[in-house]
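Structural overview
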Amino acid sequence: MLFERYLMPDLMTEHYYNVTPDLLQQAGIRALICDIDNTLATYEQPDPPADLIRWCREMREAGIQIAFVSNNNEERVSRFNRQFGFPAYPDSGKPSPKQLRQAMDVMGTDVTSTAMLGDQLLTDALAGKLCGLLVIIVPPIADKKNLFFRFKRWLEKPYIREYKRRHLLL
């Protein structure tokens with residue numbers, strides 16, 4: 001099924017911190033492209049929380065590179081990334097894979113050694129799949145409740161149900 005090919009994540013887990021350096025290294029992953037909003041922090045958190053700072057430090061110490069690719073604006077992404085200094089791409093236009101490819105170029109990685117981490121199937125998963133990446137999806141931390149987001153989440157439900165039917169969650 002075409003939609004399943006592009007929307008079904010390779011891995012789902014309950015929280016980003018379940019994505020460990022060991023898990024990534026076992027899959028041959030050396031770089032992780034991360035969405036920010038509702039994946040790593042809520043929209044309302046302008047700065048990274050302490051648990052995320054620790055997680056990023058652990059990744060870096062294990063040799064896992066990180067880049068941020070976000071549909072949010074320059075001000076949001078720059079402030080969030082200020083203390084990390086990771087490659088960061090605001091206004092990315094996901095599900096377009098263009099900024100994911102650019103992030104891989106900057107990190108010196110390719111589709112075999114890079115994964116995408118996000119919370120939305122219609123943006124993050126689709127962008128990662130169009131790029132040929134391993135896709136890891138987490139539930140949104142605190143989802144927006146407007147009609148647009150509720151509709152997108154409704155469209156995602158069959159794929160999430162199917163993933164859970166086939167796999168165990170980490």
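What you see is a predicted model; the values in this text were computed from it and never measured. (Residues numbered from 1 in each chain as written. Predicted model: local features only at pLDDT ≥ 70, side-chain atom pairs only at ≥ 80, totals over all residues. Heavy atoms only, no water.)

Turning next to the environment of Tyr-159. Its place among the elements puts Tyr-159 in helix 7 (residues 147–166). Remark: the alpha-carbon pair of Tyr-159 and Glu-4, spanning 155 residues in sequence, is separated by 7.0 Å. (Helix = DSSP H or I, 4+ residues; strand = E, 2+ residues; numbered from the N terminus.)

Right, let's talk about the sheet that holds strand 5 (residues 114–118) for a bit. Strand order in the open sheet made by the six strands is 1-6-5-2-3-4, with parallel pairing throughout. Lying at the two open borders of the sheet, with one neighbouring strand each, are strand 1 (11–12) and strand 4 (88–89). One ladder, built from two bridges, connects strand 3 (residues 65–69) with strand 4; its direction is parallel. Across the sheet, the residue bridging to Phe-68 is Ala-88, located in strand 4. (Pairing = 2+ DSSP bridges.)

A word on the pattern of salt bridges. One pass over the full model with this rule turns up six salt bridges. Of the charged contacts in the structure, one is a salt bridge between Arg-82 and Asp-47, with a shortest N-O distance of 3.5 Å. Here Asp-47 lies in the loop between strand 2 (31–34) and helix 3 (50–61) and Arg-82 lies in the loop between helix 4 (74–81) and strand 4, a separation of 35 residues in the sequence. Looking at Asp-47, the relative accessible area reads 31%, which means it is partly exposed. In this structure, Lys-94 engages Asp-124 in a salt bridge whose closest nitrogen and oxygen atoms are separated by 2.6 Å. Taken together, the residues Lys-94 in the loop between strand 4 and helix 5 (98–107) and Asp-124 in helix 6 (residues 121–131) connect sequence positions 30 residues apart. One exposure class covers both Lys-94 and Asp-124, and it is buried. (Salt bridge = Lys/Arg side-chain N within 4 Å of Asp/Glu carboxyl O. Buried < 20%, exposed > 50% of the residue type's maximum accessible area, 1.4 Å probe, protein only.)

This part covers the nonpolar core. Among the nonpolar cores identified, the biggest contains 25 residues, and Leu-32, Leu-40, Trp-55, Phe-68 and Leu-117 are the most heavily contacted of them. If you list the elements that add at least two residues to this core, you get strand 2, helix 3, strand 3, helix 4 and strand 5. It is helix 3 that contributes the most residues to this core, four residues altogether. Leu-7, Tyr-89, Met-104 and Met-116 belong to the second-largest nonpolar core, a separate cluster that totals 20 residues. (Core = buried A, V, L, I, M, F, W, Y, C linked by side-chain atoms within 4.5 Å.)

This part takes up the environment of Ile-29. Topologically, Ile-29 is positioned in the loop between helix 2 (21–26) and strand 2. Here Ile-29 falls in the buried class, since its relative accessible area comes to 4%. Expressed as a C-alpha distance, the spacing of Ile-29 and Leu-134, which sit 105 residues apart in the sequence, is 8.7 Å. Residues within four places of Ile-29 in sequence aside, it is in contact with Leu-24, Ile-64, Thr-112, Ser-113, Thr-114, Ala-115 and Leu-134. (Contact = heavy atoms within 4.5 Å.)

It is worth spelling out the pairing of strand 3 at this point. Counting buried residues in strand 3 gives four out of five residues, a clear majority hidden from the surface. Pairing of strand 2 with strand 3, which is carried by four bridges, proceeds in the parallel orientation. Bridging from a neighbouring strand, Ala-31 pairs with Gln-65 of strand 3. The parallel pair strand 2 and strand 3 is bridged by helix 3, and the resulting crossover is right-handed. Where the polypeptide runs from strand 3 across helix 4 and back to strand 4, its parallel neighbour, the crossover connection is right-handed. (Right-handed = clockwise from strand over helix to strand, strands pointing away.)

Moving on to helix 5. Among the residues of helix 5, those classed as buried are Gln-99, Leu-100, Ala-103, Met-104 and Met-107. Buried residues of helix 5, viewed axially, fall in a sector of 145°; they line one side. Within helix 5, the exposed residues directed more than 90 degrees away from the buried face are Lys-98, Asp-105 and Val-106. Buried residues along helix 5 sit against strand 2, strand 3, strand 4, strand 5 and helix 6. Once helix 5 ends, the next one or two residues include Gly-108, with phi positive near 70°. (Arc of directions from axis to C-beta.)

By themselves, these figures tell us nothing about what the structure is for.
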